[in-house]
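Each chain, written out:
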Amino acid sequence: MIKLVPALAPAGVIFLLGLALSAAPPQGRLHIISSSHQDIAWMDSPEKCIAFRDTNCITPALAMMAKDPAYSFTMENMLNLREYLERHPERAAEIGRLTREGRFEWGATFNQPYESLLSGEQLVRETYFGRLWLKRAVPGADARVYFNPDVPGRAAQMPQILAKAGIPYMVMSRYHEGFYRWASPDGSSVLTYSPGHYGNAAAYLNAPPAEGAKTILDKLAKWTGYYGGRGLPAEYPLLNSVDFSQPTDFGPLMAYWNGGGTAGAASRPAPQGGAANPVMQYSTARKFFEALDVKSAKLETVTGERPGLWLYIHGPTHHWAITAAREAARLLPAAEAFGTVRSLLEGSFAGYPAKRLEAAWQAEIYPDHGWGGKEGQVTDRLFRKKYEFARDEGRAMLDDALAALAGRVRLDPAKGLPLVVFNSLSWPVTAPAVAAIPPGPKRYRVVDPAGRDRPFQRLPHGTSGPNRGPAVEFMADDVPALGYKTFYLVPDEASPTPPQVPAAAEPLVVENRFYRVRLVPGGVASLLDKDLGREVLDTGKFLGFEVFTMRSVGNGAGEFGRVQQPTMEGFDKLGDHKPAWRLVDSESGPVKTVFALEQVLPDCTVRQKLILYGTTKRIDCEVSLLGFDGDPYREYRLAVPVAAAKGQVAYEIPFGVLEVGRGEAKGTGGPAYGNLVYDEQMSDIRPREVQNFLYAGDESFGLTFSTSVAVNDYKDPTDEPVPYPVLQPILLASRRSCHGEGNWYLQEGDHHYRFSLTSHAAGWRNGYRAGIAANAPLIAVAAGAAAAAADLPESLSFLPFPASNLVLSTMKKAETDDAVVLRVYDVEGRDAETEIKLAVPVKEAVRTNIIEEPGAVLKPRQGRFVLPVGHHAVETVRLVPGPKKK
């Protein structure tokens, strides 16, 4: 996505490693990797870019391959091939042959994403719709290289995902030029090449042959010491790639270099030190990597996250789209898991929605890193529609599966109207649940299967529930992991008494069994944890849950070495306006007590609700920015200042948790080209891309904060920053595309957010479950009459393993047959061995790689199948169900 890279001088493309030079390079090979960097769009609308790839990249490359049997070409992702075959199905055989021959190379993932924006399962599906799709669509073909050279950011677990998908190589850039073993915390790694910037070599490869050859000789001299010190064979990459570059005939350069041109050997560049120059040839990234990948190589291992620098391009500037994406990332695995359970209980996968799931997953990973650009409003609208389709399909398929499972539960009509509450997480959950209620008695009470009353309250009409009809909210306790629990709605003439809370006094002090909260105009002045006996907020500068705004000049992405930070121009915060809290009587009751405030600001109206639950240790905060007028370069944040001056900050990443200052890769990103240098220590880059929660705490307590937005900060961004953590979801930023003809990301309209907080004993391991659960609400299904074949008890878990440190990523129908595929990961950083089972007997268990290719058979131990899972590992296993027990 660039961002207009100028012609590069030779000084801008040599290695800047400061290594001592040795003698001239030995005989070897120079691999010209002719490629083209492709966003889905960016250079123009998606439709025009698809046509450009056809007529200016792939079709000309096929013509050059037909003309020159040595010519090779590389496209960076599999989406490019799929688009082309949709336009030219008549060329499928030709492309298949060239791909099998290794002359036409396709990147091994579906596209090139912002890795840490995506969930772990989304990243896995990149390889399903990449390498796995190619192997199935073009038998005998393979893709072994992951390309993501544009985005300056790497997810910590991406190397593990690639390695376990059979993708051993990665091309990246915007990082120190060189070769690395890029590793994940479990020890998995991929051989990685960074050219500094992917466009660097194009400057001299496309120069006149004599000029280009001279620069290449200089580069070889630099390479010699680097290669010799690392035990690398004399295999050298020359990546020709710029944005939307076209296939190039490098015959004149190769003839000049190799001595076979019209000028003959007399024009060939003279070798240095008496050694023969390496032979220059067409190649692909895979051929180059396979030639370089020797056991004797001694390469630097880079482990950890490279925090993304371009994160303002997605969550803050495309709030509605990314909200849909995050919801879909939760709904689709839940739909797969409960759909699989349904099929197992029915004894057939005939009703499993495999095609719908495939279409939804493909839509969920379709948006790549190229938001905005020329005709960016068209691209952004398409990306948002893709995410919304994935979300809506995920919700519909999940609802279908849950309705079917609820219909199999043996119910006791004498107990009342059954409400079957489902939990999609890998641990039991106690949380509020909302259910639609039918016409009938005006008052109810809610009881559990044993007839015990549960806290409940009727919601105001139109505020919640399916179709915004009459609904009841109740506290559902201990809903089993990946399972359900049945509650009953019982007619009752007694009217619940709402809590009596003074609404006029300022400051307003509210207490429940967990917290003592002092509300002041604009936010929370004090939050005392009664269990811990301590204050958990430091409100000397910011109030708790205080909305504030700053100037936010910048682009989402672009040629800058550090994240473009907001400034104090136009700084404002709610506390300065002193909006008063009021008790919302119509939404308060035994389950929760709700307070609200509202403040008109120059460019929007801020409306907030603070929600205290009576029987669970949790405080929610809802924020709405109403009628935002699109004021350019404006940013809104929410502040949660944590009283832990010397504490730790951590947050959830795809397939894990990162501890700030420990989980990042070491060092800086280094020089890219010209004056562009990524000079900031990776541990200092902020804000960060966050999955579900952030944590801050010290040796005496911890606070876990669930976030509904993708981009969050943890340091005070204002002048004279405070030393303690200030957790900050970035609600909105109205920036502009860095393309010269690009669009503004103004986002006029209404924006809604929800956050949740809990405090606990020190350490993120004591809070991560609550942090994830707040973003995965329980789902209540009002069950009708039980089916005649109802065979399930009132409460049941379908979780296929008992290990407490493991999280289920998905449970799905296998790609090729009616087996079941489980994918689990360790979130706590410790080894485990766990029994695996299904809702029906398991006949056979086989470990697979991450794209379901078979590996070692698991032999039963005393009739049980046991799966070992290493620390930080992601493991996939294929289970063959046996006949259901009578």
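Residues numbered from 1 in each chain as written. Predicted model: local features only at pLDDT ≥ 70, side-chain atom pairs only at ≥ 80, totals over all residues. Heavy atoms only, no water.

Trainee: What is the right way to look at the overall build of the protein chain in this model?
Mentor: Looking only at helices and strands, the protein chain has 13 helices and 47 strands in total. Each principal axis of the C-alpha distribution contributes one length, and for the protein chain these read about 105 × 70 × 45 Å. Per-residue burial over the protein chain gives 62% buried out of 886 residues. When the accessible surface of the protein chain is summed, it comes to about 31,200 Å², and 52% of that surface belongs to carbon and sulfur atoms. Taking the 96 positively charged and 99 negatively charged side chains of the protein chain as two groups, their mean positions are separated by 4 Å. (Helix = DSSP H or I, 4+ residues; strand = E, 2+ residues; numbered from the N terminus. Buried < 20%, exposed > 50% of the residue type's maximum accessible area, 1.4 Å probe, protein only. Areas by Shrake-Rupley, 256 points an atom, 1.4 Å probe, with all protein chains shown as cover. Lys, Arg positive; Asp, Glu negative; His and termini not counted. Charge placed at Lys NZ, Arg CZ, Asp CG, Glu CD.)

Trainee: Is there a simple way to think about the environment of threonine 74 in this case?
Mentor: Of note, threonine 74 is situated in strand E2 (residues 73–75). C-alpha separation for the pair threonine 74 and glutamate 835, spaced 761 residues apart in sequence, amounts to 44 Å. Discounting residues that sit within four places of it in the chain, threonine 74 has contacts with Ile33, Ser34, Ser35, Ser36, Glu105, Phe147, Thr284 and Ala285. For threonine 74, the side chain forms a polar contact with the side chain of glutamate 105, separated by 2.7 Å. (Contact = heavy atoms within 4.5 Å. Polar contact = N/O pair within 3.5 Å; in protein donor to acceptor, adjacent residues only side chain to side chain.)

Trainee: Quick question: what am I supposed to make of the pattern of salt bridges here?
Mentor: Any two side chains of opposite charge can pair, so long as their charged atoms come close to each other. This structure, assessed with the given rule, holds 65 salt bridges. Salt-bridge contacts for glutamate 815 lead to arginine 136; the nearest nitrogen and oxygen are separated by 2.9 Å. A residue pair is termed long-range when its members are at least 10 positions apart, and glutamate 815 in the loop between strand E41 (806–813) and strand E42 (820–826) and arginine 136 in helix H4 (residues 120–137) qualify at 679 residues. Under the relative-accessibility criterion, glutamate 815 is labelled partly exposed at 30%. Look at arginine 136 and you get partly exposed, because its relative accessible area is 48%. (Salt bridge = Lys/Arg side-chain N within 4 Å of Asp/Glu carboxyl O.)

Trainee: Explain the side chain of aspartate 716 here, please?
Mentor: Looking at the element boundaries, aspartate 716 is found in the loop between strand E36 (711–713) and strand E37 (726–733). At 2.8 Å, the side chain of aspartate 716 forms a polar contact with the side chain of lysine 541. Within the structure, aspartate 716 has its side chain in polar contact with the backbone nitrogen of valine 722 (distance 3.0 Å). Those residues in contact with aspartate 716, other than ones at most four positions away along the chain, are Lys541, Phe542, Pro721, Val722, Val726 and Gln728.

Trainee: I tried to follow the layout of surface pockets on my own but got confused; where do I start?
Mentor: Left-over empty space is what a probe sized like a water molecule reveals as it rolls over the atoms. Put simply, the second largest pocket is a space of about 420 Å³. Arg136, Ala354, Glu358, Lys812 and Glu815 are, among the 18 residues lining the second largest pocket, the residues nearest its centre. Considering each element in turn, the lining of the second largest pocket owes the most residues, seven residues, to H4. Residues of the lining of the second largest pocket, tallied by class, amount to 10 nonpolar, no polar and eight charged. (1 Å grid on protein atoms, 1.4 Å probe; cavity = no way out; pocket = protein on both sides within 12 Å on 5 of 7 lines; lining within 4 Å. Points joined across faces, edges and corners; volume = space filled by probe spheres on them. Nonpolar A, V, L, I, M, F, W, Y, C, P; charged D, E, K, R; others polar.)

Trainee: How should I be thinking about the sheet that holds strand E18 (residues 508–511) in this particular structure?
Mentor: Either a parallel or an antiparallel arrangement is found when strands of a sheet pair, and the pairing is made through backbone hydrogen bonds. The strand order across the open sheet built from four strands is E18-E19-E20-E21, with neighbouring strands paired in antiparallel fashion. This sheet does not close on itself; its edge strands, each paired only once, are E18 and strand E21 (534–535). Across four bridges, the pairing between E18 and strand E19 (residues 515–520) is antiparallel. Within the sheet, the bridge partner assigned to valine 510 lies in E19 and is valine 517. (Pairing = 2+ DSSP bridges.)

Trainee: Where do I start with helix H7 (residues 209–230) in this structure?
Mentor: Taking 1.5 Å of rise per residue, the 22 residues of H7 would be expected to cover 32 Å, and the 30 Å separating its terminal C-alpha atoms lies within 8% of that figure. Largest kink in H7: about 30°, centred on tryptophan 223. Just beyond H7, the residue with positive phi is glycine 231, at close to 65°. (Expected span 1.5 Å × (residues − 1). Bend = angle between axes of the 7 residues up to and from the residue.)

Trainee: Help me out: how do you make sense of the sheet that holds strand E10 (residues 300–303) in this one?
Mentor: Pairing within the open sheet is mixed, and its five strands lie in the order E4-E5-E7-E6-E10. Only two strands of the sheet have a single partner each, and these edge strands are strand E4 (145–147) and E10. Shown here is a sheet whose adjacent strand axes are inclined to one another by a mean of 30°, direction ignored. In this sheet, strand E7 (residues 189–194) lies alongside strand E6 (residues 178–183) in antiparallel orientation, the contact comprising six bridges. Counted as the bridge partner of tryptophan 182 is valine 190 from E7. Seen against the sheet, helix H9 (residues 285–292) touches E4, strand E5 (169–171), E6 and E7 and runs at an angle of roughly 120° to E5. (Axes fitted to C-alpha atoms, helices over the stretch in contact; angles between N-to-C directions.)

Trainee: Looking at this structure, how should I read the packing of aromatic side chains?
Mentor: The relation between two aromatic rings is expressed through the spacing of the ring centres and the mutual angle of the planes. A full pass over the atoms with the stated rule returns 35 aromatic pairs. Ring geometry for phenylalanine 179 against tyrosine 226: centres 6.1 Å apart, planes inclined by 50°, an arrangement best described as tilted. Residue phenylalanine 179 is found in strand E6, and its partner tyrosine 226 is found in helix H7; the two are separated by 47 residues along the sequence. Since its relative accessible area comes to 1%, phenylalanine 179 is described here as buried. Taken together through their ring pairs, the aromatic side chains of Tyr169, Phe179, Tyr193, Trp223, Tyr226, Tyr227, Tyr236, Phe288 and Phe289 make up a single cluster. In this structure, lysine 386 packs its charged tip against the face of tyrosine 366, placed 4.6 Å from the ring centre. (Phe/Tyr/Trp six-rings, centres within 6.5 Å; stacked < 30°, edge-to-face > 60°. Lys NZ or Arg CZ within 6 Å of the ring centre and 35° of its normal.)

Trainee: Would you explain the side chain of arginine 131 in this entry?
Mentor: You can see arginine 131 is positioned in helix H4. Arginine 131 gets classed as buried once you look at its relative accessible area, which sits at 4%. Discounting chain neighbours no more than four positions away, the residues touching arginine 131 are Met78, Ala108, Asp142, Ala143, Arg144, Ala165, Gly166, Ile167, Asn849, Ile851 and Glu853.

Trainee: Any chance you could explain H9 here in plain terms?
Mentor: Side chains three or four residues apart in an α-helix point the same way, a direct result of the helix having 3.6 residues per turn. Among the residues of H9, those classed as buried are Ala285, Phe288, Phe289, Ala291 and Leu292. The buried residues of H9 occupy one face: seen down the axis, they fall within an arc of 165°. (Arc of directions from axis to C-beta.)

Trainee: What's the story with the pairing of strand E1 (residues 29–36) in this structure? I'm lost.
Mentor: For a regular strand, side chains alternate in direction, first toward one face of the sheet and then toward the other. The element E1 is largely enclosed, with a buried count of seven among its eight residues. When E1 meets strand E8 (residues 235–240), the two strands line up parallel, connected through six bridges. Bridge pairing links isoleucine 33 to leucine 239 in E8. The pairing of E1 with E2 spans two bridges and is classified as parallel. Each bridged residue has a counterpart across the sheet, and for serine 36 the counterpart in E2 is methionine 75.

Trainee: For this particular structure, what's the right way to read the packing of H7 against helix H8 (residues 251–258)?
Mentor: The N-to-C vectors of H7 and H8 enclose an angle of 60°; their axes lie 9 Å apart at closest approach. By the angle class used here, H7 and H8 are oblique. Crossing of H7 over H8 shows right-handed handedness. Across the interface between the two elements, Pro209, Ala210, Ala213, Ile216, Leu217 and Leu220 of H7 pack against Pro252, Leu253, Tyr256 and Trp257 of H8. Grouping the constituent residues of the contact of H7 with H8 by class yields 10 nonpolar, no polar and no charged. (Parallel < 35°, antiparallel > 145°, perpendicular 65-115°, else oblique. Left-handed = near helix turned anticlockwise from the far one by under 90°.)

Trainee: Which parts of the structure should I look at to understand the nonpolar core?
Mentor: Note that soluble globular proteins tend to have their nonpolar side chains buried in a common cluster. Grouped together as the largest cluster of nonpolar side chains are 209 residues, with contacts concentrated most on Phe104, Ile216 and Phe474. The element contributing the most residues to this core is helix H10 (residues 319–346), with 14 residues. Ignoring anything within four residues of it in the chain, the contact list for phenylalanine 474 reads Leu419, Val421, Ala431, Pro432, Ala433, Ala435, Val446, Pro455, Phe456, Phe487 and Val591. In terms of nonpolar packing, the next biggest core, distinct from the first, is built from 51 residues, Leu527, Leu601, Val642 and Phe755 among them. (Core = buried A, V, L, I, M, F, W, Y, C linked by side-chain atoms within 4.5 Å.)

Trainee: When you look at the environment of aspartate 448 in this model, what are you seeing that I'm missing?
Mentor: With respect to the secondary-structure elements, aspartate 448 resides in the loop between strand E13 (444–447) and strand E14 (453–454). Taking C-alpha positions, aspartate 448 is 9.2 Å from leucine 489, a pair spaced 41 residues apart along the chain. In contact with aspartate 448, not counting residues within four places along its chain, are Arg454, Thr486, Phe487 and Tyr488. Here arginine 452 takes part through its backbone nitrogen, which lies 2.8 Å from a polar atom of the side chain of aspartate 448.

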